[in-house]
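Inside the fold
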Amino acid sequence: MIELYLDTADVGQVARFSACLPVKGITTNPSILAQADTGLSQLLPAVSMIIGPYTRFHVQVVSQTVDDMVAEAAQIRALPYDIVVKVPATEIGLAAIRKMKADNIPVLATAIYSAQQGFLAALCGADYLAPYVNRIDAMGADGAGAVADLQLLLDRHGLDSKILPASFKNTQQVVEVLKAGVAAITLPVDVAAQMFAHPAVQPAVDRFTQDWQGVFGNKLSFES
Ligand code: G3P
């Protein structure tokens, strides 16, 4: 089954969506943590309490050099959680990913803006690839198209990296990457809510209630 993540550090929203969806974990980045003003020492145990002991976290390094990234990754992995280390797929980041994979560290290559960049990260051994769909769209290119191309390249070349698309602003972008057959996805909470917020749904449910109560009052279904 596709791995579903929430792209958030908002514990309340994690509780909301993990109640109604099979959420595997959360993805974070330095901006998300800074905006929430929440560090890992607070966030990881709180989210684990909600989702459960098998929660998977994707946590990004903030170091700037290859050696520092690799050392930071080892420290992240030493935390008592299932953590995939996120590394920007820059020239330095790709070098760090190669070293991390030599140490068997699970890695997500992030900040991917093209199929070719994601392909190189896959060649370096990244377990997950995170193309930024809406950010690509916002630059006048085709985010979902880049994801589809990347999935095609992985399939064609027998690479088993999982695409975990990130950066969504609407549900159509989500549907398009799902059609490409991605193995994982991370949704911002507002887009997750849009997924089941079609304006026709609640009126339909209200009509059921109105019709039922008009004939059966407060009886439950099995009492009718
Ligand atoms: O981790 C990357 C993802 O969070 C980017 O999303 O909405 O900032 O483009 P956004």
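Summarised in this report is the structure supplied together with it. (Residues numbered from 1 in each chain as written. Predicted model: local features only at pLDDT ≥ 70, side-chain atom pairs only at ≥ 80, totals over all residues. Heavy atoms only, no water.)

**Focus: the sheet that holds strand S4 (residues 82-88)**
Across the sheet, 8 strands lie side by side as S7-S6-S5-S4-S3-S2-S1-S8; this open sheet has parallel pairing. Edge strands, defined here as strands with exactly one partner in the open sheet, are strand S7 (162-163) and strand S8 (184-187). Sheet topology places strand S2 (residues 25-27) next to strand S3 (residues 56-60); 3 bridges connect them, and they run parallel. By the bridge assignment, Thr27 is partnered in S3 with His58. (Pairing = 2+ DSSP bridges. Helix = DSSP H or I, 4+ residues; strand = E, 2+ residues; numbered from the N terminus.)

**Structural notes on helix H9 (residues 171-179)**
Among the residues making up H9, those that are buried are Gln173, Val174 and Val177. For H9, the angular spread of the buried residues around the axis is 100°, confining them to a single face. Those residues of H9 that are buried are in contact with helix H7 (133-138), helix H8 (143-156), S8 and helix H10 (189-195). The backbone nitrogen of Gln172 lies 3.1 Å from a side-chain oxygen of the residue at the head of H9, namely Asn170. Positive phi appears at Gly181, one or two residues downstream of H9, with a value of about 85°. (Buried < 20%, exposed > 50% of the residue type's maximum accessible area, 1.4 Å probe, protein only. Arc of directions from axis to C-beta. Contact = heavy atoms within 4.5 Å. Polar contact = N/O pair within 3.5 Å; in protein donor to acceptor, adjacent residues only side chain to side chain.)

**Some remarks on the pairing of S3**
Every regular strand shows the same layout, with side chains that alternate between the two sheet faces. With 5 of 5 residues buried, S3 is to be regarded as a mostly interior element. Here S3 shows two buried faces, one formed by Arg56, His58 and Gln60 and the other by Phe57 and Val59. The pairing of S3 with S4 spans 5 bridges and is classified as parallel. Paired with His58 across the bridge in S4 is Val84. In this fold, the crossover linking S3 to S4 by way of helix H4 (residues 66-77) has right-handed handedness. (Right-handed = clockwise from strand over helix to strand, strands pointing away.)

**Overview of the pattern of salt bridges**
All chains considered together, the criterion is met by 7 salt bridges. Among the ionic pairs, Asp211 bridges to Arg207, the shortest N-O distance being 3.0 Å. Taken as a pair, Asp211 and Arg207 lie in helix H11 (residues 201-216) at a separation of 4 residues, close to a single helical turn. Connected through shared salt-bridge partners, Glu3, Arg56, Asp82 and Lys162 make up one network. (Salt bridge = Lys/Arg side-chain N within 4 Å of Asp/Glu carboxyl O.)

**Details of the site of the ligand**
Inspection of the region around the ligand gives Asp7, Asn29, Ile32, Lys86, Tyr132, Arg135, Ser167 and Lys169 as its neighbouring residues. At 2.5 Å from an oxygen atom of the ligand is found a side-chain nitrogen or oxygen belonging to Asp7. Between Asn29 and the ligand, the recorded distance is 3.0 Å, taken from a side-chain N or O atom to an oxygen atom. Burial of the ligand by the protein amounts to 82% of the accessible area it has alone, namely 310 Å². Counted by class, the shell around the ligand contains 2 nonpolar, 2 polar and 4 charged residues. (Near = heavy atom within 4 Å. Areas by Shrake-Rupley, 256 points an atom, 1.4 Å probe, with all protein chains shown as cover. Nonpolar A, V, L, I, M, F, W, Y, C, P; charged D, E, K, R; others polar.)

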